[in-house]
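Each chain is listed here by its residues.
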Amino acid sequence: MESIKAVSYPIHFKDKAYSALSDLVNNSNYSTLFILVDENTFEHCYPKFIKNLQTDKRIEVIEIESGEVNKNLETCMGVWNAITELGGDRKSLVITLGGGVITDLGGFVASCFKRGIDFVNIPTTLLSMVDASVGGKTGVDLGVLKNQIGVFANPQMVIVDTDYLTTVTEREIKSGTAEIIKYGVTYDTTLFNTIKDTSDLDVSDLIFRSIEIKNEVVLKDPKEQNLRKILNFGHTLGHAIESFYLESADKENLTHGEAIAIGMVCETYMSVHLLGFPEDKLEQLKSTVVAIYGKVNLLQQDFTDIMELLKHDKKNVNGQVNFVLLNDFEDYKIDCKVPENLIIESMNYYNS
Ligand code: GLY
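Computed from a predicted structure; not experimentally measured.

Basis of the calculations
Residues numbered from 1 in each chain as written. Predicted model: local features only at pLDDT ≥ 70, side-chain atom pairs only at ≥ 80, totals over all residues. Heavy atoms only, no water. Near = heavy atom within 4 Å. Polar contact = N/O pair within 3.5 Å; in protein donor to acceptor, adjacent residues only side chain to side chain. Areas by Shrake-Rupley, 256 points an atom, 1.4 Å probe, with all protein chains shown as cover. Nonpolar A, V, L, I, M, F, W, Y, C, P; charged D, E, K, R; others polar. Helix = DSSP H or I, 4+ residues; strand = E, 2+ residues; numbered from the N terminus. Contact = heavy atoms within 4.5 Å. Salt bridge = Lys/Arg side-chain N within 4 Å of Asp/Glu carboxyl O. Buried < 20%, exposed > 50% of the residue type's maximum accessible area, 1.4 Å probe, protein only. 1 Å grid on protein atoms, 1.4 Å probe; cavity = no way out; pocket = protein on both sides within 12 Å on 5 of 7 lines; lining within 4 Å. Points joined across faces, edges and corners; volume = space filled by probe spheres on them. Pairing = 2+ DSSP bridges. Phe/Tyr/Trp six-rings, centres within 6.5 Å; stacked < 30°, edge-to-face > 60°.

A. Broad picture of the site of the ligand. In the vicinity of the ligand, the contacting residues are D131, K137, K214, E224, R228 and L231. Here a nitrogen atom of the ligand sits 3.0 Å away from a polar atom, N or O, in the side chain of D131. Between R228 and the ligand, the recorded distance is 2.8 Å, taken from a side-chain N or O atom to an oxygen atom. Burial of the ligand by the protein amounts to 89% of the accessible area it has alone, namely 200 Å². The residue inventory of the shell around the ligand, partitioned by class, reads one nonpolar, no polar and five charged.

Structural data, given as structure tokens:
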């Protein structure tokens, strides 16, 4: 598979990826490689990674606990302390080996350590392959509020090796599928139709096309002034729903993709009512989402809390919630204001 060229770094796929990484590591004057893992990626991904990396450089492994609840500044402090105690300096390289928590947090840790050291992303989940590892967003959550603290910083390289997908659960794969659906409905309907019509998916092709799309969007609008906002489709209400489940001790957490899939259905419903998005396509999206994820029953009594969480969305300006909505598939409108009753109605529609 051909490599993809991002703004200042390459995205390499499987075959040539590890030799490219070994070249990068050996031909730069890096002092120590810090490999950031969690307990799962250390057990299931690190052995393959280390077998393929050809270098004599000093390697230190730093392990953090898996899970979104650990994507916070306290974990960053632990990693910064570990790098410091292990003699990290300005020529250290951080290699993130894991899902979105590891790549987002690791990129942030690297970007702040001694005002910024290099990092490489090796995503091991579908979600991090098609979204988190590419595009330069790094950061952590603030309490349950998603990605509130962070900086834009680009890795030196991204390596996408789909073999790692054999180490994650079916539920994790479905979580990443939501981002592919997002690219499908906002940018390239072929992707959505493939997922809608076929259960026998060639995941490598879907990943490649998704990364191509994300890269195209980010190249045109790296700092999210306009076009990049389409990557937030479904995420405005979706993040609020995800945060609500994270903070509700009596409810099982939703995966990012499960929450975003609900968000996409609701935001498409808003699009029907505000922008005349075609209703038959809303039905197609809803039935695809329900077929993949089943149905979560959003309780009326929880709507107030979800609406409250919406007020913290990163796109808000002057307390106004800004949605990305669709005139049609592949035809978006940014900065849409949506009346509260329509947001509630959209959740009722999802439930119906
Ligand atoms: N995950 C959305 C973005 O990278 O812009």
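B. Main features of the environment of D38. Within the element layout of this structure, D38 appears in strand 3 (residues 32–38). As for D38 and T169, which are separated by 131 residues in sequence, their C-alpha atoms are 16 Å apart. If near-sequence neighbours (up to four positions away) are discounted, D38 is found in contact with E63, I64, E65, S66 and I102. A polar contact is formed between the side chain of D38 and the backbone nitrogen of N40, at a distance of 2.9 Å.

C. Local environment of the pattern of salt bridges. All chains considered together, the criterion is met by 20 salt bridges. The shortest N-O distance in the salt bridge between E252 and R171 comes to 3.0 Å. In this pair, E252 is assigned in the loop between helix 10 (235–247) and helix 11 (256–275) and R171 in helix 7 (residues 170–186), connecting sequence segments 81 residues apart. Residue classification places E252 among the exposed positions, given a relative accessible area of 60%. Ionic pairing is found between D302 and K251, a salt bridge with its closest N-O pair at 3.2 Å. Here K251 lies in the loop between helix 10 and helix 11 and D302 lies in the loop between helix 12 (279–293) and helix 13 (303–310), a separation of 51 residues in the sequence. Within the structure, one salt-bridge network assembled from shared partners comprises K14, K48, D161 and D163.

D. View of empty space enclosed by the protein. A complete count under the given rule lists three cavities of 30 Å³ or more for this structure. Taken as a whole, the largest cavity holds about 110 Å³ of empty space. Lining the largest cavity, in full, are L145, K146, Q148, T236, H239, A240, S243, L309, L310, H312, D313 and K314. If you list the elements that add at least two residues to the lining of the largest cavity, you get strand 8 (145–152), helix 10 and helix 13.

E. Focus on the side chain of T32. Turning to its location among the elements, T32 is positioned in strand 3. A relative accessible area of 3% places T32 in the buried class. At 3.2 Å, the side chain of T32 and the side chain of R58 are in polar contact. Sequence-distant contacts of T32, defined by excluding residues within four places in its chain, comprise R58, E60, K91, S92 and L93.

F. Looking closely at the side chain of N70. Here N70 is to be found in the loop between strand 4 (58–64) and helix 4 (73–85). What makes N70 buried here is its relative accessible area of 16%. A polar atom in the side chain of N70 sits 3.3 Å from the backbone oxygen of E65.

G. Just the sheet that holds strand 5 (residues 93–98), in detail. The strand order 1-2-9-6-5-3-4 describes an open sheet built from seven strands, whose pairing is mixed. The two strands at the open ends of the sheet, each matched to only one other strand, are strand 1 (4–5) and strand 4. In this sheet, strand 6 (residues 118–123) lies alongside strand 5 in parallel orientation, the contact comprising six bridges. Bridge pairing in strand 6 places L97 opposite I122.

H. Structural view of the packing of aromatic side chains. Scanning the entire structure with this criterion turns up eight aromatic pairs. Arranged with centres 5.1 Å apart and planes meeting at 50°, the rings of F13 and F208 form a pair that is tilted. Placement of the pair is F13 in strand 2 (residues 10–13) and F208 in helix 9 (residues 203–220), with a sequence separation of 195 residues. Summarising the burial analysis for this pair, F13 and F208 share the class buried. Ring centres 6.1 Å apart and planes at 55° place the aromatic pair W80 and F108 in the tilted group. Within this pair, whereas W80 is found in helix 4, its partner F108 is found in helix 5 (residues 100–112), the two being separated by 28 residues in sequence. By way of ring pairs, the aromatic residues F42, Y46 and F49 are connected into one cluster.

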